[in-house]
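Observations on the three-dimensional arrangement
So the chains spell out like this:
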Amino acid sequence: MTTESPSINLTSHDDVVRVEDLKVSFYTQLGVVRALNGVSFNIPRGRVLGIVGESGCGKSITGLSIMQLVVAAGRTEGGRILFREDAGQEPPVNILDYGKNSPEMRKIRGNNISMIFQEPMSSLNPCYTVGNQIEEAILLHQTSDKTEAHKRAVDVLTKVGMPNPSRIAASYPHELSGGMRQRAMIAMALSCNPTLLIADEPTTALDVTTEAQILDLMRGLQSEIGTSIMFITHNMGVVAQMCDEVAVMYMGRVVERATVDDIFYEPRHPYTISLLQSIPRLGRTKGRLASIEGSVPDPYSTTPGCSFHPRCPVAIKGLCDTIIPEETIVDAAKGHTVRCHLNS
Ligand SMILES: Nc1ncnc2c1ncn2[C@@H]1O[C@H](COP(=O)(O)OP(=O)(O)OP(=O)(O)O)[C@@H](O)[C@H]1O
Ligand SMILES: [Mg+2]
């Protein structure tokens, strides 16, 4: 028997976003992909939540769902996405109550919540200058004065550390290096001072020096502006540098959620423990680096019980392979939860 558990109410009053039991499936010619199987997490105001997990676990689809930008083949089949723009706003709005192209959603998208996409080149329009593209967002949401919009676009390019912001504003995306394009994307995302920024692997395609600069920049802007960030990455090193809290995803579910310290020093889920064992560490000179046995299951199939059980070194036969573990509280004060039979 497999039953799905309701999500635990562990959130503070001041969550910017709270995703509850979100289910998204893709109906394709090859079959149904259950991309999100009941994702739940919260992002407290002004904090950075890292979303980590292997390729295909549903990180991007979670971010795109909050923006209501999942392609038509993807259907939202359950759950809520509660968004509270101001601390005092009561009650929060359920983003899923708005149509994808409704005026309410167009106002939220880009203005209150913005996203840095996984591939910057595919999200910058090659036919318009970088300045034009930033101005467009400002003109849509903030002011109708073109001169003011241009001034704000140059200001935001200065803020993200562009060497010659006026010249960059007049450049086309192909005239910029990868690192500069990424800064342009960050500038565009921050141009309307969003309450929530969703950054989907914003530095994966960059060399380590540029990556370090961009991460520093984002952390600096985050503490200056106070934007809450949902930071999607598969890199635990980046998590340690950027995040306050972490949600670990596996096969369309959050399997563990905790503060960044607890994820690194008190991990509970065998999947989180395996992820951490596969990172190289300074000073560890003996033995081979551990890898997680097996591979992520085929997305078209469904795994009974805990979806990690076929790869789990401590799975219990007759339990982990039949019953989906409920989300249980490890530490209520710190918001540490886990979905594992061995920890319930
Ligand atoms: N347009 C689509 N059509 C069908 N299946 C899709 C589509 N987009 C995503 N999926 C499926 O949804 C699941 C989650 O995808 P998602 O892009 O969220 O993964 P991810 O965690 O962001 O991976 P990565 O680290 O590689 O970016 C995957 O199994 C993927 O195959
Ligand atoms: Mg992705």
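Residues numbered from 1 in each chain as written. Chains lettered and ligands numbered in written order. Predicted model: local features only at pLDDT ≥ 70, side-chain atom pairs only at ≥ 80, totals over all residues.

Thoughts on the site of ligand 1
Taken together, 17 residues form the shell around ligand 1, and within it Ala 35, Ser 55, Ser 60, Ile 61 and Pro 299 come nearest. Of all the secondary structure elements, the ones that give two or more residues to the shell around ligand 1 are β1 (15-28), β2 (31-44) and α1 (59-66). For the shell around ligand 1, the leading source of residues is α1, giving 3 residues. Among the residues making up the shell around ligand 1, the classes are represented as 8 nonpolar, 8 polar and 1 charged. (Near = placed C-beta within 6 Å. Helix = DSSP H or I, 4+ residues; strand = E, 2+ residues; numbered from the N terminus. Nonpolar A, V, L, I, M, F, W, Y, C, P; charged D, E, K, R; others polar.)

Considerations on the domain arrangement of the protein
When the domains of the protein are assigned, the result is domain 1 (13-102 + 198-209 + 228-280 + 302-344) and domain 2 (113-193). Taking only C-alpha atoms, the centre of domain 1 and the centre of domain 2 are 29 Å apart. Contacts between the two partners involve 12 residues from domain 1, matched on the other side by 8 residues from domain 2. Of all the secondary-structure elements, those providing two or more residues to the side of domain 1 that touches domain 2 are α1 and β7 (196-200). (Domains from an automatic or database assignment. Contact = placed C-beta atoms within 7 Å.)

Here's the deal with helix α8 (residues 208-225)
Each turn of an α-helix holds 3.6 residues, which means side chains three or four residues apart point in the same direction. Taking 1.5 Å per residue, 18 residues should reach 26 Å; α8 reaches 25 Å between its end C-alpha atoms and fits that length. Within α8, burial applies to Glu 211, Ile 214, Met 218, Leu 221 and Gln 222. For α8, the arc enclosing every buried residue in end-on projection is 105°, short of the 170-degree limit, so these residues lie on one face. Pointing more than 90 degrees away from the buried face of α8 are the exposed residues Val 208, Thr 209, Ser 223 and Glu 224. Among the structural elements, β3 (48-52), α5 (146-159), α7 (178-190), β7 and β8 (228-232) are those in contact with the buried residues of α8. One or two steps after α8, the chain reaches Gly 226, where phi turns positive at roughly 85°. (Expected span 1.5 Å × (residues − 1). Buried ≥ 20, exposed ≤ 12 C-beta atoms within 10 Å, placed from the backbone. Arc of directions from axis to C-beta.)

Looking at the packing of helix α4 (residues 130-141) against α5
Interaxial distance between α4 and α5 falls to 9 Å at its minimum, and their mutual angle equals 120°. As for how α4 packs across α5, the hand of that crossing is right-handed. Contacts between α4 and α5 pair Gly 131, Ile 134, Glu 135, Ile 138 and Leu 139 from the former with Ala 149, His 150, Arg 152, Ala 153 and Val 156 from the latter. Residue composition of the contact of α4 with α5, by class: 6 nonpolar, 2 polar and 2 charged. (Axes fitted to C-alpha atoms, helices over the stretch in contact; angles between N-to-C directions. Left-handed = near helix turned anticlockwise from the far one by under 90°.)

Quick notes on unusual backbone geometry
Not every positive phi belongs to a glycine, and Gln 68 is a case in point at roughly 55°. The residue Gln 68 is located in the loop between α1 and β4 (74-83) in this model. Among the residues examined, Gln 68 registers 20 C-beta atoms within 10 Å and is labelled buried. For Met 251, which is not a glycine, the phi torsion comes out positive at approximately 45°. Take Met 251: it is sitting in the loop between β9 (245-250) and β10 (253-259).

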